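Summary of structural features
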Amino acid sequence: QHKPGAHNALHEFYYHSNYIIIVNIFRSEEQLEEAVTYAHLLPRKSYLLNPRFFDKSKLPPIDESNVMQASGPDISCDTTCRLAGKTCNEESLQQLNDCTVLKQNFACSSCEQSVGPDQPAYVTFNNHCLMNSDRRITSCKASHPDTIRLCACSDES
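What counts and what doesn't
- Residues numbered from 1 in each chain as written.
- Predicted model: local features only at pLDDT ≥ 70, side-chain atom pairs only at ≥ 80, totals over all residues.
- Heavy atoms only, no water.
- Helix = DSSP H or I, 4+ residues; strand = E, 2+ residues; numbered from the N terminus.
- Buried < 20%, exposed > 50% of the residue type's maximum accessible area, 1.4 Å probe, protein only.
- Contact = heavy atoms within 4.5 Å.
- Areas by Shrake-Rupley, 256 points an atom, 1.4 Å probe, with all protein chains shown as cover.
- Disulfide = S-S within 2.5 Å.
- Phe/Tyr/Trp six-rings, centres within 6.5 Å; stacked < 30°, edge-to-face > 60°.
- Core = buried A, V, L, I, M, F, W, Y, C linked by side-chain atoms within 4.5 Å.
- Salt bridge = Lys/Arg side-chain N within 4 Å of Asp/Glu carboxyl O.

1. Quick notes on the overall build of the protein chain
Looking only at helices and strands, the protein chain features four helices and eight strands. When its helices and strands are written in sequence order, the protein chain yields β-β-α-β-α-β-α-α-β-β-β-β. Looking at the protein chain residue by residue over its 157 residues, the buried ones come to 31%. Put simply, 53% of the contacts in the protein chain that link residues at least 6 apart link residues at least 24 apart. Approximately 10,700 Å² of the protein chain is accessible, and the part contributed by carbon and sulfur atoms is 52%.

2. Re the environment of Cys-88
Note that Cys-88 resides in strand S4 (residues 86-88). In this structure Cys-88 comes out as buried when scored by relative accessible area, which is 17%. Expressed as a C-alpha distance, the spacing of Cys-88 and Cys-153, which sit 65 residues apart in the sequence, is 4.4 Å. Leave out the neighbours within four places in its chain, and Cys-88 touches Cys-77, Asp-78, Cys-81, Leu-93, Cys-140, Ala-152 and Cys-153.

3. Notes on the state of the cysteines
Tallied over the full model, the rule gives five disulfides. Cys-108 shares a disulfide with Cys-129; S-S distance 1.8 Å. Disulfide Cys-108-Cys-129: the torsion about the S-S bond is -60°, which places it as left-handed. With a gap of 21 residues between them, Cys-108 in the loop between helix H4 (99-105) and strand S5 (110-114) and Cys-129 in strand S7 (residues 128-132) connect regions that are remote in the sequence.

4. Considering the packing of aromatic side chains
Considering all chains together, one arrives at one aromatic pair under this definition. For the ring pair Phe-106 and Tyr-122, a centre distance of 5.0 Å and an interplane angle of 5° mean the geometry is stacked. Taken together, the residues span a long stretch of sequence, with Phe-106 in the loop between H4 and S5 and Tyr-122 in strand S6 (residues 121-123) at a distance of 16 residues.

5. Brief notes about unusual backbone geometry
Of the consecutive residues Gln-119 and Pro-120, the connecting peptide bond is found in the cis state with omega at 15°. Within the fold, Pro-120 resides in the loop between S5 and S6. Within the chain, Asp-74 stands out as a residue other than glycine whose phi angle is a positive 65°. Locating Asp-74 in the fold gives a position in the loop between strand S3 (67-69) and helix H2 (77-83). If you check the backbone angles, Asn-127 has positive phi at about 60° while not being a glycine. With respect to the secondary-structure elements, Asn-127 resides in the loop between S6 and S7.

6. Overview of the nonpolar core
If you look at the biggest cluster of nonpolar residues, it comprises 22 residues, and the most contacted ones within it are Leu-93, Leu-96, Leu-102, Phe-106 and Leu-150. At the level of elements, S3, H2, helix H3 (90-96), H4, S7 and strand S8 (147-155) are the ones that each hand at least two residues to this core. Here this core gets five residues from one element, more than from any other, and that element is S8.

7. Digging into the pattern of salt bridges
Scanning all chains against the criterion turns up one salt bridge. Put simply, Lys-86 and Asp-155 hold a salt bridge, and the shortest N to O gap is 2.8 Å. Note that Lys-86 is positioned in strand S4 and Asp-155 in strand S8, a separation of 69 residues in sequence. Judged by relative accessible area, which is 14%, Lys-86 ranks as buried.

Shown next as C-alpha coordinates:
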(Lines give C-alpha, C1' and ligand atoms only; values in the text may rest on other atoms or scores of the structure.)
Protein backbone atom coordinates (compact mmCIF):
# COMPACT_ATOMS: atom_id res chain seq x y z
CA GLN A 1 0.00 0.00 0.00
CA HIS A 2 1.45 3.36 -1.06
CA LYS A 3 1.33 6.04 1.62
CA PRO A 4 1.30 9.62 0.25
CA GLY A 5 4.58 11.32 1.14
CA ALA A 6 6.10 8.08 2.46
CA HIS A 7 8.84 7.74 -0.11
CA ASN A 8 12.36 8.83 -0.99
CA ALA A 9 13.31 10.10 -4.42
CA LEU A 10 16.12 11.59 -6.41
CA HIS A 11 15.23 14.01 -9.21
CA GLU A 12 17.86 15.03 -11.75
CA PHE A 13 17.47 17.66 -14.47
CA TYR A 14 19.22 20.51 -16.26
CA TYR A 15 18.20 24.15 -15.96
CA HIS A 16 20.02 26.37 -18.42
CA SER A 17 23.60 25.07 -18.09
CA ASN A 18 23.21 23.85 -14.49
CA TYR A 19 22.84 20.24 -13.42
CA ILE A 20 20.24 20.12 -10.65
CA ILE A 21 19.65 17.30 -8.17
CA ILE A 22 16.70 17.35 -5.77
CA VAL A 23 16.69 14.80 -2.99
CA ASN A 24 13.25 14.16 -1.53
CA ILE A 25 13.44 12.26 1.75
CA PHE A 26 10.47 11.31 3.89
CA ARG A 27 11.03 11.33 7.64
CA SER A 28 8.47 10.18 10.16
CA GLU A 29 7.50 12.44 13.05
CA GLU A 30 9.64 10.34 15.38
CA GLN A 31 12.68 10.96 13.17
CA LEU A 32 12.11 14.72 12.87
CA GLU A 33 13.78 15.42 16.21
CA GLU A 34 16.99 13.68 15.14
CA ALA A 35 19.70 15.99 13.84
CA VAL A 36 20.41 14.68 10.35
CA THR A 37 22.44 16.15 7.52
CA TYR A 38 22.31 15.03 3.93
CA ALA A 39 25.56 16.70 2.86
CA HIS A 40 27.10 13.27 2.27
CA LEU A 41 24.66 12.81 -0.62
CA LEU A 42 26.05 15.78 -2.57
CA PRO A 43 28.21 15.00 -5.58
CA ARG A 44 31.73 16.45 -5.52
CA LYS A 45 31.99 20.09 -6.60
CA SER A 46 28.33 20.75 -5.82
CA TYR A 47 26.69 22.93 -3.22
CA LEU A 48 23.35 23.49 -1.55
CA LEU A 49 21.38 26.40 -2.91
CA ASN A 50 20.07 29.01 -0.58
CA PRO A 51 16.23 28.77 -0.52
CA ARG A 52 16.02 32.44 -1.55
CA PHE A 53 16.99 31.37 -5.07
CA PHE A 54 13.56 29.77 -5.39
CA ASP A 55 11.54 32.70 -4.06
CA LYS A 56 10.71 35.20 -6.82
CA SER A 57 10.18 37.94 -4.23
CA LYS A 58 13.89 37.71 -3.36
CA LEU A 59 15.09 38.27 -6.92
CA PRO A 60 16.53 41.66 -7.75
CA PRO A 61 13.85 43.94 -9.19
CA ILE A 62 13.66 44.50 -12.92
CA ASP A 63 14.26 48.07 -13.97
CA GLU A 64 10.75 49.27 -14.91
CA SER A 65 12.17 51.08 -17.93
CA ASN A 66 13.09 47.64 -19.32
CA VAL A 67 9.56 46.16 -18.99
CA MET A 68 7.71 46.76 -22.24
CA GLN A 69 4.46 45.78 -23.86
CA ALA A 70 4.64 44.61 -27.44
CA SER A 71 2.95 47.20 -29.65
CA GLY A 72 0.24 44.75 -30.66
CA PRO A 73 -0.74 41.12 -31.13
CA ASP A 74 1.60 38.70 -32.92
CA ILE A 75 4.74 40.73 -32.11
CA SER A 76 7.61 38.95 -30.35
CA CYS A 77 9.66 40.30 -27.47
CA ASP A 78 12.74 40.13 -29.70
CA THR A 79 11.08 42.61 -32.07
CA THR A 80 9.69 44.78 -29.24
CA CYS A 81 13.08 45.09 -27.53
CA ARG A 82 15.02 45.57 -30.80
CA LEU A 83 12.74 48.48 -31.78
CA ALA A 84 13.61 50.10 -28.43
CA GLY A 85 17.36 49.57 -29.03
CA LYS A 86 17.49 46.78 -26.45
CA THR A 87 17.66 42.98 -26.35
CA CYS A 88 15.14 40.56 -24.87
CA ASN A 89 16.24 38.89 -21.62
CA GLU A 90 14.60 35.44 -21.34
CA GLU A 91 15.66 34.92 -17.72
CA SER A 92 14.00 38.18 -16.68
CA LEU A 93 10.80 37.09 -18.45
CA GLN A 94 10.34 34.68 -15.53
CA GLN A 95 9.93 37.62 -13.16
CA LEU A 96 7.14 39.03 -15.32
CA ASN A 97 5.27 35.72 -15.21
CA ASP A 98 3.16 36.93 -12.29
CA CYS A 99 -0.46 38.09 -12.06
CA THR A 100 0.37 41.25 -10.08
CA VAL A 101 2.97 42.31 -12.65
CA LEU A 102 0.63 41.54 -15.55
CA LYS A 103 -2.17 43.59 -13.95
CA GLN A 104 0.23 46.53 -13.52
CA ASN A 105 0.82 46.50 -17.28
CA PHE A 106 -2.51 45.39 -18.77
CA ALA A 107 -6.23 45.74 -18.02
CA CYS A 108 -6.55 42.04 -17.06
CA SER A 109 -9.99 40.93 -15.96
CA SER A 110 -8.36 37.73 -14.64
CA CYS A 111 -5.12 35.78 -14.70
CA GLU A 112 -4.89 32.18 -15.82
CA GLN A 113 -2.22 29.52 -15.85
CA SER A 114 -1.58 28.41 -19.41
CA VAL A 115 1.20 26.92 -21.51
CA GLY A 116 2.77 28.71 -24.45
CA PRO A 117 6.08 30.21 -25.50
CA ASP A 118 4.35 33.58 -26.01
CA GLN A 119 3.56 34.01 -22.31
CA PRO A 120 3.36 35.95 -20.06
CA ALA A 121 0.86 37.80 -22.20
CA TYR A 122 -2.48 39.60 -22.47
CA VAL A 123 -5.30 38.01 -24.52
CA THR A 124 -6.88 40.72 -26.65
CA PHE A 125 -10.34 39.20 -27.20
CA ASN A 126 -11.23 38.44 -23.54
CA ASN A 127 -8.96 40.69 -21.42
CA HIS A 128 -7.41 37.71 -19.64
CA CYS A 129 -3.74 37.58 -18.74
CA LEU A 130 -1.82 34.35 -19.18
CA MET A 131 0.98 33.13 -16.96
CA ASN A 132 3.12 30.34 -18.34
CA SER A 133 2.91 27.23 -16.16
CA ASP A 134 5.77 25.64 -18.14
CA ARG A 135 8.41 28.33 -17.84
CA ARG A 136 10.95 26.22 -19.74
CA ILE A 137 9.28 27.05 -23.04
CA THR A 138 8.98 30.85 -22.62
CA SER A 139 10.76 32.41 -25.57
CA CYS A 140 11.75 35.89 -26.67
CA LYS A 141 11.07 34.82 -30.27
CA ALA A 142 7.47 33.69 -29.74
CA SER A 143 4.34 35.59 -30.68
CA HIS A 144 0.66 34.73 -31.11
CA PRO A 145 -2.09 36.45 -33.12
CA ASP A 146 -4.34 36.71 -30.03
CA THR A 147 -1.83 37.90 -27.42
CA ILE A 148 0.21 40.98 -26.59
CA ARG A 149 3.49 40.03 -24.94
CA LEU A 150 4.93 41.55 -21.79
CA CYS A 151 8.67 41.73 -22.41
CA ALA A 152 11.81 42.05 -20.32
CA CYS A 153 14.38 44.02 -22.26
CA SER A 154 17.99 44.80 -21.38
CA ASP A 155 20.25 47.55 -22.60
CA GLU A 156 22.47 46.29 -25.42
CA SER A 157 26.13 46.01 -24.54
